Amino acid sequence: RDRGTPERPVPRPRRPQDPPEEPRVRDTPEDIPFEATANAIALHAERPLLAAGDVDGDVYLYSYSCTEGENRQLWSSGHHLKSCRDVAFSADGQKLFTVSKDKSIHILTVEEGRLETRFPKAHGSALNCVLPIDTHVFATGDDGGAVKVWDLRRGDAVLEARQQEEYISAMAVDGNGKLLLTACGDGTLGVYNVKRRRFELLSEPQNGDLTSVVLLKRGRKVACGSSEGTIYLFNWDGFGAASDRFALRAESVDCMVPITDSIVCVGSMDGVIRAVNVLPNRVVGCVGQHLGEPIEQLAVGPGGTLLASSAHDQKVKFWDVSALRSLVVDDYRRKKKRGGPLRALSSKAMGSGEDFFAGLRDEPEEAAATGTGGDNDGDSD
């Protein structure tokens, strides 16, 4: 062979290229990690957007997706000097309200995160919650029990009151934007008339701090969670005294959101998110958990099928609650052994392999009627 002529390599047959892997679609979006604990979260009513405020005062907006790897941070804002305590989207979804321990209210544009309006010393004490009521009107509550209702057209508060003695933990408003309800750390429920710009009344104090307030049963019932693990129920026309109470076997009810007209999800210090039916009072089961980490806040997405939760593990997690929307709980309850495990309502609720729920007990209804009782006639749509 002529050594001066190099041997040509035999060309390999060309392989067809492997098709690119399709991104995996999950039941729920992936967890969103944060550098600090997110005190406050909110989900946009129409679009897959999550707003969050953390203990460092930073505010974030994320887009979330059930397609793996497609959660995106859209912007962040560091305008608050101290911890951001609450965030809320405006009624039209164009603005984001944020309040802080630094006593300021900020209103940001959702698209860009641009600071549009700022009230630097809005309250005399650290702010704790904010609630948009309509396009122009919103309410705020602070650590000292003060409540203010603001009108952006005037650029100032149109109602100021301090009828409660501890921190305002949560607020709700009726469908007409007329009555504002405030849950307070002194155990009272406050009622304010937004249209007439005046304080109406306080309920009797309940045991423990009232931590949350939601409307149920087409607005005929109001439910308040307490730091002692009890849900108190009020009739719409009877705010002076609770009509029923339901003691959960939970350390606390720290936050609560309605999923349907009868079912709420509650977050507790033990890190468990429970689904609870109201009237008849029943713990339906466990939606999910942040293992051993207190739940800070819950938020419901468009259509009420997705629940988001933030906790001290510095994560926001998502849970599929679509099955709860078709669940009907009737008055009949099969006898079961006291102390059975809490029913898991999704595969994600089972934890990571270990029997996390072995020590959790399903709570029989201990609805001690303290008044009229009222609605316990199978009205659980």
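Rules behind the numbers
- Throughout, residues of each chain are indexed from 1 in the direction in which the sequence is written.
- Per-residue local features of the predicted model are confined to residues with pLDDT of at least 70, and side-chain atom pairs are confined, for both listing and counting, to 80 or more; whole-chain, interface and lining totals are unaffected and use all residues.
- By convention in this description, side-chain values take in all heavy atoms of the structure and omit both hydrogens and water.
- UniProt positions are given in the numbering used here, feature names are shortened, and annotations may be inferred rather than shown by experiment.
- Numbering goes from the N terminus for both helices and strands, where a helix is a DSSP run of H or I of at least four residues and a strand is a run of E of at least two.
- Pairing between strands requires that DSSP locate at least two bridges from one strand to the other.
- Between the N-to-C directions of two axes lies an angle of 0 to 180 degrees, each axis being a line fitted to C-alpha atoms and, for a helix, fitted only over the stretch in contact.
- Residues count as neighbours in contact if any of their non-hydrogen atoms are within 4.5 Å of one another.
- Throughout this description, the term salt bridge denotes a Lys or Arg side-chain nitrogen within 4 Å of a carboxyl oxygen of Asp or Glu.
- Think of it in three bands: residues with accessible area under 20% of the maximum for their type are buried, residues over 50% are exposed, and the middle band is partly exposed, with areas taken using a 1.4 Å probe on protein chains only.
- Between N or O atoms, a polar contact is any pair within 3.5 Å; within protein, one atom must be a potential hydrogen donor and the other a potential acceptor, and residues adjacent in sequence are included only when both atoms are from side chains.

A. Seen up close, the UniProt feature "repeat: WD" (unreviewed entry) in the protein chain. Taking the numbering used here, the UniProt-annotated feature "repeat: WD" (unreviewed entry) corresponds to residues 295-329. As annotated, residues 295-329 comprises 0% helix and 51% strand, and the C-alpha atoms at either end are separated by 26 Å.

B. Main features of the sheet that holds strand β17 (residues 198-202). Here four strands make up an open sheet; going across it, the order is β14-β15-β16-β17 and the pairing antiparallel. Looking at which strands have only one partner, the edges of the open sheet turn out to be β14 (168-173) and β17. Averaged over all adjacent pairs, the angle separating strand axes in this sheet is 25°, with direction ignored. Pairing geometry for strand β15 (residues 179-184) and strand β16 (residues 189-193), over five bridges, is antiparallel. Along β16, the bridge assignment pairs Leu179 with Asn193.

C. Looking closely at the sheet that holds strand β27 (residues 306-311). Spatially, four strands are ordered β1-β28-β27-β26 in an open sheet, and the strand pairing comes out antiparallel. Two strands in the sheet have a free side with no partner beyond their single neighbour: β1 (32-33) and β26 (295-300). Across five bridges, the pairing between β27 and strand β28 (residues 315-320) is antiparallel. Within β28, the position partnered with Ser310 by the bridge is Val316.

D. Fine view of the environment of Ile107. In this fold, Ile107 is placed in strand β8 (residues 105-109). As for Ile107 and Ala88, which are separated by 19 residues in sequence, their C-alpha atoms are 9.7 Å apart. Dropping the residues within four chain positions of it, Ile107 is found in contact with Lys95, Leu96, Phe97, Arg114, Leu115, Glu116, Thr117, Phe119, Phe138 and Leu152.

E. The arrangement of the pattern of salt bridges in detail. As enumerated under the stated definition, the model contains ten salt bridges in all. Measuring nitrogen to oxygen at the nearest pair gives 3.2 Å for the salt bridge that ties Glu112 to Arg114. Here Glu112 falls in the exposed class, since its relative accessible area comes to 54%. Arg274 is the salt-bridge partner of Asp270, the closest N and O atoms lying 3.2 Å from each other. Judged by relative accessible area, Asp270 falls into the buried class, the value being 16%. Look at the salt bridges and you will find they share partners, linking Arg24, Arg26 and Glu68 into a network.

F. Representation of the pairing of strand β2 (residues 38-43) in the model. With six of six residues buried, β2 is to be regarded as a mostly interior element. With five bridges connecting them, β2 and strand β3 (residues 49-54) associate as antiparallel partners. Bridge assignment links Ala42 to a residue of β3, and that residue is Ala51. Taken together, β2 and the strand that follows it, β3, pair antiparallel across an intervening segment of five residues.

G. Broad picture of the environment of Asp174. Its location among the elements puts Asp174 in the loop between β14 and β15. The spatial distance from the C-alpha of Asp174 to the C-alpha of Arg218 is 9.9 Å, given a sequence separation of 44 residues. Those residues in contact with Asp174 that sit more than four places away from it in its chain are Leu179, Leu215 and Trp236. A polar side-chain atom of Asp174 sits 3.2 Å from the main-chain amide nitrogen of Leu179.

H. Structural context of the pairing of strand β19 (residues 221-226). Most of β19 is tucked away, with six of its six residues classed as buried. Side chains Lys221, Ala223 and Gly225 of β19 all project onto a buried face; the interleaved residues Val222, Cys224 and Ser226 project onto the opposite face, where all are buried too. As judged from the six bridges shared by strand β18 (residues 210-216) and β19, these two strands associate in the antiparallel manner. Counterpart to Val213 in the pairing with β19 is Cys224. Hairpin remark: β18 followed by β19, antiparallel, with four residues in the connecting loop; positive phi at Lys217, about 50°. Sheet topology places β19 next to strand β20 (residues 230-235); five bridges connect them, and they run antiparallel. By the bridge assignment for β20, Cys224 is matched with Tyr232.

I. Here's a closer look at the side chain of His80. Examined against the element boundaries, His80 turns out to sit in the loop between β5 (72-77) and β6 (84-89). The class of His80 is buried, set by a relative accessible area of 5%. Separated by 2.7 Å, the side chains of His80 and Thr98 make a polar contact. When residues no more than four places from it in sequence are discounted, the contact partners of His80 are Asp56, Gly57, Val59, Thr98, Val99, Ser100, Asp102, Ser104 and His106.

J. Structural detail: the side chain of Thr98. Examined against the element boundaries, Thr98 turns out to sit in strand β7 (residues 95-100). Here Thr98 is in contact with Val59, His80, Cys84, Asp86, Val87, Ser104, Ile105, His106 and Leu108, once residues within four sequence places are set aside.

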